[in-house]
Amino acid sequence: MTAPAADRARYDRATAHLDAPLAIVDLDAFDANAADLVRRAAGKPVRVASKSVRCRALLERVLARDGFQGIMSFTLAESLWLARSGFDDILLAYPSADRTGFAELAADPKLAGAVTVMVDDPAQLDLIDAARGGGREVVRVCLELDTSLKVLGGRVRVGARRSPLHSPAQLAELARSVARRPGFRLVGIMAYEGHIAGVGDTVAGRPLRSRAIRLMQAAARRELAGRRAAVVRAVRAVVPDLEFVNGGGTGSVQHTAAEDAVTEIAAGSGLYVPRLFDNYTSFTGRPAALFAQPVVRRPGVGAVTVLGGGYPASGVAGPDRLPVPYLPEGLRYDPQEGPGEVQTPLLGSPADDLLIGDRVWFRHAKAGELCERFAALHLVRGDEVTATVPTYRGEGHTFL
């Protein structure tokens, strides 16, 4: 029996008492992936990106391991909820316009001590001050550096459109604004190099494109390492007691950790290893998060239909944003239908061995977005479910 076939047999046995659709996390794979992130971080703490996990029980599990420290959250409401749940080191990775949330943050010393908010514009500080509503707690602030690679005099840009702060002088100027302003304390810098950490460098069947990506990423790493170090020096000249400089992502952990200016690494997708993280030469993870859809029709030879399954990921629409049929191996989408909202036809010779009620196991394109579709994750070790834990959705929260 091949390893994938053995995994399929394990997952089927473990969940035989459950009705599909359902989602699982293979704890052996999850723990192995966590250990690999720590190894690649080479002694620097890994801050867990909660958007890639979206399950409190699994956040607690990974943060209990040596080498992990703190959460990188994705909305202010989520940050406050996590702080009230007992997490005490939460970096909000995106600016917010949640006035109600800022009022709660500024009025509660526990929340204000646990949550750090992201800013890249003085107008965001104005919004926070206007939202305080009498709250006098000092708000912890992190500045975000734009990591994009700009070439040809800035006419060509490679990287996400995030912060407008690109140069050391721009970061230092905003640092001075924060330092002068009552009610705020600058504690950190964040720089997420998505064009390095979030873009696979080996594209199946496209060797020239893969080489071009690797050359781009090598150039981007060199440019960013120098600029990030200069930014940290410039900001520390204004605020010498910065607590952290955050960088990286699952795809760039070991490269970012090698920079002296960086004090901690962000990662999250590497715990679940969704399909978009198959295409990296720098590391290999184990698929840990899967979902199963039941076979409900057998429309013909070499074809079955499963219930639901149309769970596309965010980003530029394309085939790489779709879940992939994983087990049994050899199934593919009908190109005329693809994964559907309420049913998904699948083609291939393995379909002839599937009966009504059997499961087909899928991998999502991205990590935490799977949890927006399921209220619970069944935690599998070996061939049994050891626990069932709620996702954010299962706890009644859909933060975005």
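Further up the page is the structure itself.
Summary of the structure given here. Being a predicted model, the structure only gives us computed values, none of them experimental. (Residues numbered from 1 in each chain as written. Predicted model: local features only at pLDDT ≥ 70, side-chain atom pairs only at ≥ 80, totals over all residues. Heavy atoms only, no water.)

Regarding unusual backbone geometry
Logical step 1: Cis geometry is found at the peptide bond from Ala 20 to Pro 21, where omega equals 10°.
Logical step 2: Within the secondary structure, Pro 21 is located in the loop between helix H1 (3-14) and strand E1 (22-26).
Logical step 3: Backbone torsion omega between Leu 327 and Pro 328 reads 0°, so that peptide bond is classified as cis.
Logical step 4: Along the polypeptide, Pro 328 turns up in the loop between strand E14 (324-327) and strand E15 (332-333).
Logical step 5: Positive phi, close to 55°, is recorded for Val 273, a residue that is not glycine.
Logical step 6: Relative to the helices and strands, Val 273 resides in the loop between helix H12 (269-272) and strand E12 (289-300). (Helix = DSSP H or I, 4+ residues; strand = E, 2+ residues; numbered from the N terminus.)

A word on the side chain of Asp 31
Logical step 1: Inspection of the secondary structure assignment puts Asp 31 in helix H2 (residues 27-41).
Logical step 2: Judged by relative accessible area, which is 15%, Asp 31 ranks as buried.
Logical step 3: Ignoring sequence-local partners within four residues, the contact set of Asp 31 consists of Arg 61, Arg 65 and Arg 381. (Buried < 20%, exposed > 50% of the residue type's maximum accessible area, 1.4 Å probe, protein only. Contact = heavy atoms within 4.5 Å.)

Remarks on the packing of aromatic side chains
Logical step 1: The tally for this structure, following the rule as stated, stands at 13 aromatic pairs.
Logical step 2: Note on Phe 291 and Phe 362: the rings are 5.1 Å apart at their centroids and 10° apart in plane angle, and the pair reads as stacked. With Phe 291 in strand E12 and Phe 362 in strand E17 (residues 359-363), the pair connects residues that are 71 residues apart, well separated along the chain.
Logical step 3: Linked through ring pairs, Phe 74, Trp 81, Tyr 392 and Phe 399 together constitute an aromatic cluster.
Logical step 4: Seen from the ring of Phe 244, Arg 47 lies directly overhead, with NZ or CZ sitting 5.3 Å from the centre.
Logical step 5: The positively charged end of Arg 363 is found above the aromatic ring belonging to Tyr 326, 5.5 Å away from the centroid. (Phe/Tyr/Trp six-rings, centres within 6.5 Å; stacked < 30°, edge-to-face > 60°. Lys NZ or Arg CZ within 6 Å of the ring centre and 35° of its normal.)

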